[in-house]
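Observations on the model geometry
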Amino acid sequence: MKASDMFLLIFLVYRTLCVSGRTVKDTMEKWNRYRTECLLQMSTELRPKGVFCSRMFDMYACWSDGKPNSTVKVPCPWYLPWYNQVRSGFVLRECGPDGQWTTSSSSSTWRDHSQCNYDNSQQEAQEQQMMILSYFRVMYTVGYCVSLASLSLALIVLLLFRRLHCTRNYIHANLFASFILRAVSILTRDALLSGDIPEVKDSQDISDVLSDQAVTGCHVAQVLMQYCVGANYYWLLVEGLYLHNLLVMAVFSDGRYFSRYLIIGWGTPVLFVVPWIIVRYLFENVRCWEMNVNMVHWWIIRTPILLAILVNFIIFIRIIHILVSKLKAHQMRYTDYKIRLAKSTLTLIPLLGIHEVVFAVLAEENTQGVLRYIILFFQLFFSSFQGFLVSILYCFVNREVQAEIKKKWQKWKLGTTDLDDLRNTGSHTPKKSEMMSCNYAGW
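The rules we used
- Residues numbered from 1 in each chain as written.
- Predicted model: local features only at pLDDT ≥ 70, side-chain atom pairs only at ≥ 80, totals over all residues.
- Heavy atoms only, no water.
- Helix = DSSP H or I, 4+ residues; strand = E, 2+ residues; numbered from the N terminus.
- Buried < 20%, exposed > 50% of the residue type's maximum accessible area, 1.4 Å probe, protein only.
- Contact = heavy atoms within 4.5 Å.
- Areas by Shrake-Rupley, 256 points an atom, 1.4 Å probe, with all protein chains shown as cover.
- Disulfide = S-S within 2.5 Å.
- Core = buried A, V, L, I, M, F, W, Y, C linked by side-chain atoms within 4.5 Å.
- Phe/Tyr/Trp six-rings, centres within 6.5 Å; stacked < 30°, edge-to-face > 60°.
- Expected span 1.5 Å × (residues − 1).
- Bend = angle between axes of the 7 residues up to and from the residue.
- Axes fitted to C-alpha atoms, helices over the stretch in contact; angles between N-to-C directions.
- Parallel < 35°, antiparallel > 145°, perpendicular 65-115°, else oblique.
- Left-handed = near helix turned anticlockwise from the far one by under 90°.
- Nonpolar A, V, L, I, M, F, W, Y, C, P; charged D, E, K, R; others polar.
- Arc of directions from axis to C-beta.
- pLDDT = per-residue confidence, 0-100.

1. What about the overall build of the protein chain?
Broken down by element type, the protein chain carries 14 helices and four strands. Within the protein chain, the fraction of its 443 residues that count as buried is 40%. Contacts in the protein chain between residues at least 24 apart in sequence constitute 69% of all its contacts with a sequence separation of at least 6. Counting every atom, the protein chain has about 25000 Å² of accessible surface; 63% of that belongs to carbon and sulfur.

2. Comments concerning the state of the cysteines
Using the criterion set out here, one finds three disulfides in the structure. Linked covalently through their sulfurs, C53 and C95 form a disulfide whose S-S length is 1.9 Å. With the S-S dihedral at roughly 95 degrees, the linkage between C53 and C95 falls on the right-handed side. In this pair, C53 is assigned in the loop between α2 (24–44) and β1 (56–57) and C95 in strand β4 (residues 90–95), connecting sequence segments 42 residues apart. Summarising the burial analysis for this pair, C53 and C95 share the class buried.

3. What to know about the nonpolar core
Note that soluble globular proteins tend to have their nonpolar side chains buried in a common cluster. Membership of the largest hydrophobic core comes to 50 residues, with the highest contact counts inside it found for I171, F176 and Y261. Looking at this core, the elements that each hand over two or more residues are α4 (120–160), α5 (167–193), α6 (206–248), α7 (254–283), α8 (295–328) and α11 (369–396). No other element matches the 13 residues that α6 contributes to this core. Counting 24 residues, the second-largest nonpolar core is a separate cluster that includes C53, F57, C62 and Y83.

4. So, the packing of aromatic side chains
The final tally for this structure, using the stated rule, is 18 aromatic pairs. Geometrically, the ring pair formed by F381 and F382 is edge-to-face, given 5.8 Å between the ring centres and 70 degrees between the ring planes. In this structure F381 comes out as partly exposed when scored by relative accessible area, which is 31%. Ring centres 4.9 Å apart and planes at 40 degrees place the aromatic pair F381 and F385 in the tilted group.

5. As for α11
For α11, spanning 28 residues, the distance from its first C-alpha to its last is 40 Å, which sits close to the expected 40 Å at 1.5 Å a residue. Taking the largest bend as the criterion, α11 deviates by roughly 45 degrees, centred on Q386. Regarding α11, the residues found buried are I375, L376, S383, S384, F385, Q386, G387, V390, S391, Y394 and C395.

6. Re the packing of α5 against α11
For the pair α5 and α11, the least separation of the axes is 10 Å and the interaxial angle reads 155 degrees. In terms of axis orientation, α5 runs roughly antiparallel to α11. Crossing geometry of α5 relative to α11 is assigned as left-handed. Here H172, L175, F176, F179 and R182 of α5 lie close against α11, whose contacting residues are S383, Q386, G387, V390, S391, Y394 and C395. Residues that form the contact of α5 with α11 fall into these classes: six nonpolar, five polar and one charged.

7. Side note on helix α12 (residues 399–414)
Residues separated by three or four positions in an α-helix point in the same direction, a consequence of the helix having 3.6 residues per turn. Taking 1.5 Å per residue, 16 residues should reach 22 Å; α12 reaches 22 Å between its end C-alpha atoms and fits that length. Residues of α12 that are buried: E400, V401, E404 and K411. All buried residues of α12 project into a common sector of 95 degrees when viewed along the axis, lining one side. The exposed residues of α12 that point more than 90 degrees off its buried face are K406, K413 and L414.

8. What about the confidence of the model for the protein chain?
Overall, the predicted model of the protein chain reaches an average pLDDT of 78, with 72% of residues at or above 70. Below pLDDT 50 for its whole length, residues 426–437 participates in seven contacts with residues either more than four positions away or in separate chains.

Shown next as structure tokens:
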């Protein structure tokens, strides 16, 4: 093989990795198929009579016989990684009057493949896009880290204080856990996708190395991320269902429904994540499953999540209608804990998935240009900092929680414990006010 031909192959391999992310093995397999088809075509076509430039494969394109004093053109070879951008282009060669292909000063065959080159201006646009997305990644990484810290602390608080144990706070605790799992899974997935490429031995293909060391783990991380995100949306739905039942039902035994809430929150995502795994493995088992080439497969996960968002939005409208009706009837009393719970939660419901209605209508694939980046920024911002806001509104500004923390702090300074309090009161039965404290929102 000539040095110029070897340089051409190395250049194609380099462009493959830089432009499309396609593995070297994929490009070389396509090149070999193109070469085989070319040699088969040359062996079956009839040769013309007289003087002509002979058919050949010059390691780049397949050339048919050329007439003297003419310019021969063939379509850009389809094995190029950027073929979709240059499919209308041609490669040109000059056939001399003596039936020989025109050569350059270096004695190599002259060829004009400028129409098949990768568009550098588009590459610059892609580099700019990657820079913008890297800034977005820094933003949502900070958001998930802040949310992770605040949610972990809030979860510890709800589990630590015995007087805060009730169905409402159990639901909040599961919601916090789903936000924590969502943040951890996304940060882990990003770390795997941005990890360094391992060294490649001379006898080993890069795709084989990635398959052995990274792809399996990356698939697992991607699956766990999809499950955690789905569980997070369905625990947001559980919050809406719980509040709706609390307001609508005259007699509502929340403890009886808690097992159903657990099934909805943690069990429902399994019903659409498992089919998605099977479909991706059978029909689109490429890379780390982070790219959705076939959007039909992506709708297996997207449809149930959009359904949860829609139901939560309907519940939100329903709760507003109930509050307006009660306000008009002058039935809003301070002692009505259900209405106080509704008022306090109404400020949080938009953060629990209602804003996703806007993003569902203005889907990323349906927008272009600056609008696409604006929508993506706000979607990533709200999604990453949502857990932080939930922990603030559901825990840290809750008067119930603040009172318990203050009480524990005072006991710690005095050196007393709950057991000492029980001994002083002479009874192991909690006070009625303590038993009922968890039933109030306290915001």
